[in-house]
Amino acid sequence: MNAMTRRIVIGTAAVSMAVSLAACGKAGDDKDSGGGDSKTIGLLLPENKTTRYETFDRPIMEAKIKALCADCKVKYNNAAQDTETQKKQFDALVTQGVKVIILDTVDFKAAKSWVQQAAKKDVKVVAYDRLAEGPISAYVSYDNEKIGQLQGEALVKALGAKAKDSNVVMINGSPTDPNAPFFKKGAHSVLDKQVKKVVYEQDIPDWSADEANKKMGAAIDSLGKDGFQGVYSANDGMAGGIITALKKQGVKIPVGGQDSELAGLQRIIAGEQAFSIYKQIKPEAETTAEIAVRLLKGEKIDDLAPIKVDSLSGEFKGTPSKLYDASVVTKENIASTIVADKVYTVEEICTAQYKAACDAAGIK
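### Some details on the sheet that holds strand E8 (residues 230-233)
Thinking step 1. Overall, parallel pairing links the three strands, which are arranged E7-E6-E8 in an open sheet. Looking along the sheet, the strands with just one partner apiece sit at the ends: strand E7 (197-203) and E8. Looking at each pair of strands side by side, their axes are set apart by 15 degrees on average, direction ignored.
Thinking step 2. Where strand E6 (residues 167-172) meets E8, four bridges bridge the pair, whose relative direction is parallel. Across the sheet, Met170 pairs through a bridge with Tyr232, a residue of E8.
Thinking step 3. Where helix H7 (residues 209-223) meets the sheet, it contacts E6, E7 and E8, and its direction lies at approximately 145 degrees from that of E7.

What follows is the structure in structure tokens.
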């Protein structure tokens, strides 16, 4: 596996922003004369509730862009899960003359009109992690249906011999995230065949841990403490809210997640969460950065995006794409995946509260 680095150069964001603003001023002049900004790449990420975006995705992409194009600048914004905010951020980049935008969309359907308008001005959009609707120039993500299958299989394994007789609650991701239906579909393809029944299922707006907590509480009220034997959670953030609701009622059953967030890994070590999904962010982020730089330079990207993917609506077909695989993380393999790949150190995972559990799991 490729090692992932968590090093963030202090001050990069501030410097990038300052120089980007200068570049953007120049871009306005270029635009007036029919040109555009050939040195600035826009980077728009969807939210900051999930720790990965600010901790990994952004610094990795910024560093790779800088390595590939020393005089390229990155103009970064985070939408904090607000579609209208992201639209303004996107439109501002287009107005400033930025010709390549990396977009991890808050609402994939809403982005369609933005991308269409941008395309008319020869702005190339690289869909990152989530496939926005519209004439996208490239798409880099994971095989998200396969991730759902991995989650389903891991939950079945956690339920063990009693899986066939087990009822399961499903807490799915945000309806505005195009990946969420694929996670759900993949999980259902396993669970519908290998457990007794999915007895309660909810989609959670904005991937909200608080809302997941409330829905889990409602499920317990509806089904009773013994009415289900396992919980599928689409990600680790929501798994935290779900586990809090279960603890409150004294229910201890397998709960899965996704993203290998630090808090999720610590819950796995403590035996509170059964598993997570580990997606190597570095190759995804670096490939996206390289595609963006090549598009900015007018170079081909065929080798970086070798497959074709259609949009979820089916309206936009054949987007050049690269999809990476993921893996299940449990207590048994945190050391050989997360720690070995330098996502988090043993010291970060095994704080005083979790040291005994880490020792017992052989994570030292």
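### Concerning empty space enclosed by the protein
Thinking step 1. Applying the stated rule across the entire model yields two cavities of 30 Å³ or more.
Thinking step 2. If you add up the space inside the largest cavity, you get close to 130 Å³.
Thinking step 3. Taken together, 15 residues form the lining of the largest cavity, with Tyr53, Asp177, Trp207, Asp259 and Lys279 sitting closest to its centre.
Thinking step 4. Counting only elements with at least two residues in the lining of the largest cavity, the list comes to helix H2 (52-68) and helix H6 (179-194).
Thinking step 5. Lining the second largest cavity are 13 residues, with Phe56, Asp259, Ser260, Lys279 and Ile281 positioned closest to its centre.
Thinking step 6. Partitioning the lining of the second largest cavity into residue classes produces seven nonpolar, two polar and four charged.

### What about helix H5 (residues 144-159)?
Thinking step 1. Between its first and last C-alpha atoms H5 spans 23 Å; for 16 residues at 1.5 Å apiece the expected length is 22 Å, and the two agree.
Thinking step 2. Of all the positions in H5, only Asn144, Ile147, Gly148, Leu150, Gln151, Gly152, Ala154, Leu155, Val156 and Leu159 are classed as buried.
Thinking step 3. Those residues of H5 that are buried lie in contact with strand E5 (138-142), E6, H6, E8, strand E9 (276-278) and strand E12 (327-329).
Thinking step 4. One or two steps after H5, the chain reaches Gly160, where phi turns positive at roughly 70 degrees.

### What about the state of the cysteines?
Thinking step 1. Under the counting rule described, the total for this entry stands at two disulfides.
Thinking step 2. Note that Cys69 is cross-linked by a disulfide to Cys72, the S-S spacing being 1.9 Å. The chirality of the disulfide connecting Cys69 with Cys72 is right-handed, given an S-S dihedral of about 70 degrees.
Thinking step 3. A relative accessible area of 3% means that Cys72 is categorised as buried.
Thinking step 4. Across the disulfide, Cys350 is cross-linked to Cys358 (sulfur-sulfur distance 2.1 Å). What sets the handedness of the Cys350 and Cys358 disulfide is the S-S torsion sign, and at about -90 degrees it is left-handed.

### Looking at the side chain of Arg130
Thinking step 1. Take Arg130: it is sitting in the loop between strand E4 (124-128) and E5.
Thinking step 2. On the basis of relative accessible area, Arg130 is assigned to the buried category, the value being 3%.
Thinking step 3. When sequence neighbours within four positions are dropped, the list of residues in contact with Arg130 reads Pro46, Glu47, Tyr53, Leu103, Asp104, Thr105, Val106, Tyr139, Asp177, Pro178, Asn179 and Trp207.

### Side note on the pattern of salt bridges
Opposite charge on two side chains permits them to pair, given that their charged atoms come into close proximity.
Thinking step 1. Counted by the stated rule, this structure contains 20 salt bridges.
Thinking step 2. Linking Arg52 and Glu284 is a salt bridge whose minimum nitrogen-to-oxygen distance equals 3.2 Å. With Arg52 in helix H2 and Glu284 in helix H10 (residues 281-297), the pair connects residues that are 232 residues apart, well separated along the chain. You'll find Arg52 and Glu284 in the same group, each marked buried.
Thinking step 3. Salt-bridge contacts for Lys124 lead to Asp122; the nearest nitrogen and oxygen are separated by 3.4 Å.
Thinking step 4. The exposure class of Lys124 is partly exposed, given its relative accessible area of 28%.
Thinking step 5. Members of the salt-bridge network, linked through shared partners, are Arg52, Asp57, Asp129 and Glu284.

### Let's talk about H6
Thinking step 1. With 16 residues, H6 should reach 22 Å at 1.5 Å per residue; the first-to-last C-alpha distance of 23 Å fits that figure.
Thinking step 2. A maximum bend of about 30 degrees is found in H6 at His188.
Thinking step 3. Buried residues belonging to H6 abut E5, H5, E6, E7 and E8.

### Description of the packing of aromatic side chains
To describe a pair of aromatic rings, one takes the distance between the centres and the angle between the planes.
Thinking step 1. Under the counting rule described, the total for this entry stands at four aromatic pairs.
Thinking step 2. Seen in terms of ring centroids, Tyr142 and Tyr324 are 6.4 Å apart; in terms of plane orientation they differ by 55 degrees. Their pairing is tilted. Of the two residues, Tyr142 is situated in strand E5 and Tyr324 in strand E11 (residues 319-324); the sequence distance between them amounts to 182 residues. For the pair Tyr142 and Tyr324, a shared accessibility class is recorded, and that class is buried.
Thinking step 3. Consider the rings of Phe183 and Trp207, whose centres lie 6.3 Å apart with planes at 70 degrees: the pair is edge-to-face. Residue Phe183 is found in helix H6, and its partner Trp207 is found in the loop between E7 and H7; the two are separated by 24 residues along the sequence.
Thinking step 4. One residue, Lys322, lies across the ring of Tyr324, its end atom 5.1 Å from the ring centre.

Rules used in this analysis
- Residues numbered from 1 in each chain as written.
- Predicted model: local features only at pLDDT ≥ 70, side-chain atom pairs only at ≥ 80, totals over all residues.
- Heavy atoms only, no water.
- Pairing = 2+ DSSP bridges.
- Helix = DSSP H or I, 4+ residues; strand = E, 2+ residues; numbered from the N terminus.
- Axes fitted to C-alpha atoms, helices over the stretch in contact; angles between N-to-C directions.
- Contact = heavy atoms within 4.5 Å.
- 1 Å grid on protein atoms, 1.4 Å probe; cavity = no way out; pocket = protein on both sides within 12 Å on 5 of 7 lines; lining within 4 Å.
- Points joined across faces, edges and corners; volume = space filled by probe spheres on them.
- Nonpolar A, V, L, I, M, F, W, Y, C, P; charged D, E, K, R; others polar.
- Expected span 1.5 Å × (residues − 1).
- Buried < 20%, exposed > 50% of the residue type's maximum accessible area, 1.4 Å probe, protein only.
- Disulfide = S-S within 2.5 Å.
- Salt bridge = Lys/Arg side-chain N within 4 Å of Asp/Glu carboxyl O.
- Bend = angle between axes of the 7 residues up to and from the residue.
- Phe/Tyr/Trp six-rings, centres within 6.5 Å; stacked < 30°, edge-to-face > 60°.
- Lys NZ or Arg CZ within 6 Å of the ring centre and 35° of its normal.

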